[in-house]
Amino acid sequence: MNDKTKEGLEKSSNFIKEIVELDLENGKHGGKVHTRFPPEPNGYLHIGHAKAICIDFGIAKDYQGQCNLRFDDTNPIQEDIEYVESIQEDIKWLGFDWEDRMYYASDYFEKLYAYAVELIKMGKAYVDDLTPEEIREYRGEIKVPGKNSPYRDRSVEENLDLFERMRAGEFEDGSKTLRSKIDMSSGNMNMRDPIIYRIKRAHHHRTGDKWCIYPMYDFTHCLSDMLEGITHSLCTLEFEDHRPLYDWYLDNLKTPCHPQQIEFARLNVTYTLTSKRKLQKLVNDGIVAGWDDPRMPTISGLRRRGFTSGSIKDFCDRVGVAKAASVVDIALLNFCLREELNKTANRVMVVLDPLKVVIDNYPEDKVEWFDAENNPEDENGGTRKVPFTKEFYIEREDFREEANRKYFRMKLGHEVRIKHAYYVKAESVVKDDAGNIMEVHCTYDPASRGGWTDDGRKVKGTLHWVSAAHAVPAEVRLYDNLFTEENPGKSDKEISEILNPNSVEVIEALAEPSLKELKPETSVQFLRKGYFITDRYDHSAEKLVFNRTVGLRDSFAKKVK
RNA sequence: UGGGCUGUAGUAUAAUGGUAGUACAGCGGGUUCUGGUUCCGUAUGUGGGGGUUCGACUCCUCCCAGCCCAACCA
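Residues numbered from 1 in each chain as written. Chains lettered and ligands numbered in written order. Predicted model: local features only at pLDDT ≥ 70, side-chain atom pairs only at ≥ 80, totals over all residues. Heavy atoms only, no water.

(A) Here's a closer look at the confidence of the model for chain A. Here chain A shows a mean pLDDT of 95. Residues at 70 or above account for 97%. Counted against residues more than four places away or in other chains, residues 1-10, with its pLDDT under 50, gives ten contacts. (pLDDT = per-residue confidence, 0-100. Contact = heavy atoms within 4.5 Å.)

The structure is reproduced here in structure tokens:
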């Protein structure tokens, strides 16, 4: 990022900052800023959460405040310890720190119960015996008011007794609920006597079997925020309709502080899904290998694909914060990554589709080791040695028997540079019976040693290559979008219909020998082929496995027709 | 009986009554031992109609379009 851009981003404000700054000016919330990131541990974090994390932690940091991590674990059947661990790992990897403030909504179960009792005592909550089906019927429809439950007017004493017995486990799952007494005719469906507690005998990953009743999100969230002294409770747009309820609980319970809920648009990215539920389905259906499959938009998937935390944060900054529903082009994410990797990733030579080249006038057994620059963008990047021999491989697409002037790779009778080595001229080809080119025979100019001459000769094309005698087998995996629809989350079609059948392509390639030294999870740029990350070493096949992180921007592809 | 929200280049986001700016994507070109990088240049925008005003993306009004809400999910 250049300084001008950076300055622009730092200066850019958004509506959340404006609210916070106004509150600070007015001394609201005691002049403090305290936010929270509140995931439900029911799946892995994805790129959409990255935006929320950047906003939640970012706002706190910008105003010298704090941000808590809180697991919103009120629905035990969805949740699992695996997810609470991965969530922590991913937030840390992104570079954010909740310090000693990691909480669970389940920490507050006892307090929440007491608040519910409080509501009952005020006559603002009642135990309802309606079945789930009946509750739905009584709720009415969007344009039709609901009607009161026949149990709505039970006495405080009866409600207190019933609620206590709900907790004690005297009633069947689903047979009773505790509901807020608000307004069954409200235009806002959330205000039509929303449920506070349901009976659900499920093992909770933290509280075990202690509870058989669990509080609902709306009741839990505002009170958890309040208990933690949160000042600004940032969430996504779909909770706008919940804000009146958020405020209702806090107002009626006369809590010592009242956090402000502020909503922003959730992140959508072209060709990707940002819905935990749908990602869960991809995992369950075996469409991907797991939550960290390199094609997944999860933080762990992106990490394995080779995305850096810096590029993800940069992306979130550039996407901005607003209330208009939007779909951001995946090209921006890729740009952020390339911008970083261009500066940091060493260049290496790997041939993905080999074509043999023989230098007829080069000695049979000679090996020359040339110094190759690791990264032209990094002065301190150093060099490595690459071996040059009579026979080597180039990219099959880098040779044509005949081509126009616009094609400046290898063609018969023309000189090209073999990067770091020599100028060579293609003289003839060897074909098989079917007419396929098997070998290209060339001559080299000894005076061009090192890939340069002093006579001012112009050589436009420079090719990457790998010595035939030293080539190291490598498996490279090229990834593409998982979906063919630009906005798969909004598509009317079934997931199976919009899956990209070519989302991963596995290629056996040949690499320069220095790659044998590469450690796992190192990002490199394969010259002209994009950025790759070492995934692992396959010992049984004695080869390296690479994931392609992102391709190079290749505006030339159209021109080289 | 419906309620809530949102509309600024292709995309995303600034401009709070005073020159519509930035980034990505696009297009054209220079440099380059990567057709990468980099540098220079360039086209494209305030959903629509009225109104207020010297002046409107901004204020008023009507219309249009899109998104969210009817789990004992979050």
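(B) Representation of the side chain of Asp-128 in the model. Within the secondary structure, Asp-128 sits in strand S4 (residues 125-128). At a separation of 2.8 Å, a polar atom in the side chain of Asp-128 contacts the side chain of Arg-179. Beyond its immediate stretch of four places on either side in the chain, Asp-128 contacts Ile-135, Ser-149, Tyr-151, Arg-154, Ser-175, Lys-176, Thr-177 and Arg-179. (Helix = DSSP H or I, 4+ residues; strand = E, 2+ residues; numbered from the N terminus. Polar contact = N/O pair within 3.5 Å; in protein donor to acceptor, adjacent residues only side chain to side chain.)

(C) Geometry of helix H2 (residues 15-25). Those residues of H2 not exposed but buried are Ile-16, Lys-17, Val-20 and Asp-23. Viewed along the axis of H2, the buried residues span an arc of 125°, placing them on a single side of the element. Each element contacted by the buried residues of H2 is listed here: helix H3 (47-62), strand S8 (232-236) and strand S9 (260-264). Just downstream of H2 lies Gly-27, where phi reads positive at about 70°. (Buried < 20%, exposed > 50% of the residue type's maximum accessible area, 1.4 Å probe, protein only. Arc of directions from axis to C-beta.)

(D) The packing of helix H5 (residues 109-121) against helix H7 (residues 156-168), seen in detail. Interhelical geometry of H5 versus H7 gives an angle of 160° and a closest axis separation of 9 Å. Of the possible angle classes, the one that applies to H5 and H7 is roughly antiparallel. Regarding H5 and H7, the two cross each other, and that crossing is right-handed. Residues Glu-110, Tyr-113, Ala-116, Val-117, Ile-120 and Lys-121 of H5 pack against Val-156, Asn-159, Leu-160, Phe-163, Glu-164 and Arg-167 of H7. Residue composition of the contact of H5 with H7, grouped by class: seven nonpolar, one polar and four charged. (Axes fitted to C-alpha atoms, helices over the stretch in contact; angles between N-to-C directions. Parallel < 35°, antiparallel > 145°, perpendicular 65-115°, else oblique. Left-handed = near helix turned anticlockwise from the far one by under 90°. Nonpolar A, V, L, I, M, F, W, Y, C, P; charged D, E, K, R; others polar.)

(E) Highlighting the pattern of salt bridges. Evaluated as defined, the whole model comprises 48 salt bridges. Residue Glu-397 is joined to Arg-528 by a salt bridge in which the shortest nitrogen-to-oxygen separation is 3.8 Å. Taken together, the residues Glu-397 in the loop between strand S15 (391-395) and strand S16 (399-400) and Arg-528 in the loop between strand S25 (523-526) and strand S26 (530-538) connect sequence positions 131 residues apart. For Glu-397, a relative accessible area of 40% gives the class partly exposed. (Salt bridge = Lys/Arg side-chain N within 4 Å of Asp/Glu carboxyl O.)

(F) Region of the structure containing the sheet that holds strand S3 (residues 102-104). With parallel pairing, the three strands of this open sheet are ordered in space as S1-S2-S3. At either margin of the open sheet sits one strand with a lone partner, and together these are strand S1 (34-37) and S3. Here the strands of the sheet are splayed against their neighbours by 35° on average, with no regard to which way each runs. Of the pairings in the sheet, the one linking strand S2 (residues 66-71) to S3 comprises three bridges and is parallel in character. Counterpart to Arg-70 in the pairing with S3 is Tyr-103. (Pairing = 2+ DSSP bridges.)

(G) The sheet that holds strand S18 (residues 415-418), seen in detail. The strand order across the open sheet formed by seven strands is S21-S18-S19-S20-S12-S15-S22, and the pairing between neighbours is mixed. A single partner strand is all that each edge strand has here, and the edge strands are strand S21 (462-463) and strand S22 (465-467). Both S18 and strand S19 (residues 423-431) contribute to a ladder of three bridges, which runs antiparallel. Bridge pairing in S19 links Arg-417 to Tyr-423.

(H) How the structure looks around the environment of Gly-450. Mapped onto the elements, Gly-450 comes out in the loop between strand S20 (437-445) and S21. A relative accessible area of 40% places Gly-450 in the partly exposed class. The contacts of Gly-450, once residues within four sequence positions are left out, are Phe-370, His-420 and Ala-421.

(I) Representation of the side chain of Glu-395 within the structure. Turning to its location among the elements, Glu-395 is positioned in strand S15. For the buried Glu-395, no salt bridge exists, and the shortest N-O distance to an oppositely charged side chain is 4.5 Å, to Lys-529. Polar side-chain contacts of Glu-395 include one of 2.9 Å to the backbone nitrogen of Leu-352. (Lys, Arg positive; Asp, Glu negative; His and termini not counted.)

(J) Quick look at the state of the cysteines. A full pass over the atoms with the stated rule returns zero disulfides. Not engaged in a disulfide, the cysteine Cys-222 finds its nearest cysteine sulfur in Cys-257; these two sulfurs lie 11 Å apart. The structure places no disulfide on Cys-316, whose sulfur is separated from the nearest cysteine sulfur, that of Cys-54, by 4.0 Å. With relative accessibility at 7%, the residue Cys-316 sits in the buried group. (Disulfide = S-S within 2.5 Å.)

(K) Structural detail: helix H9 (residues 243-252). Buried within H9 we find Leu-245, Tyr-246, Trp-248, Tyr-249, Leu-250 and Asn-252. Of the surrounding secondary structure, the elements contacted by the buried residues of H9 are H5, strand S5 (177-180), strand S6 (195-199), helix H8 (217-227), S8 and S9. One or two positions beyond H9, positive phi appears at Lys-254, with a value near 45°.

(L) Focus on the nonpolar core. Core analysis: the biggest nonpolar cluster contains 46 residues, and Ile-16, Ile-91 and Phe-315 have the highest contact counts within it. For this core, the secondary-structure elements that each account for two or more residues are H2, H3, S2, helix H4 (81-94), S9, helix H11 (299-305), helix H12 (309-319) and helix H13 (330-344). Element by element, the count of residues in this core is highest for H3, at nine residues. Ile-91 has contacts with Phe-37, Leu-45, Ile-53, Phe-57, Leu-69, Phe-96 and Trp-98, leaving out every residue within four places of it along the chain. Within the second largest apolar cluster, 33 residues are counted, among which are Val-127, Met-166, Leu-178 and Cys-222. (Core = buried A, V, L, I, M, F, W, Y, C linked by side-chain atoms within 4.5 Å.)

(M) Highlighting the pairing of S20. Note: strand S12 (residues 354-359) against S20, four bridges, orientation parallel. Considered in S20, the bridge of Lys-356 is made with Glu-439. Turn length for the S19-S20 hairpin, with the two strands adjacent in sequence and antiparallel, is five residues, and the turn residue Gly-435 shows positive phi of about 90°.

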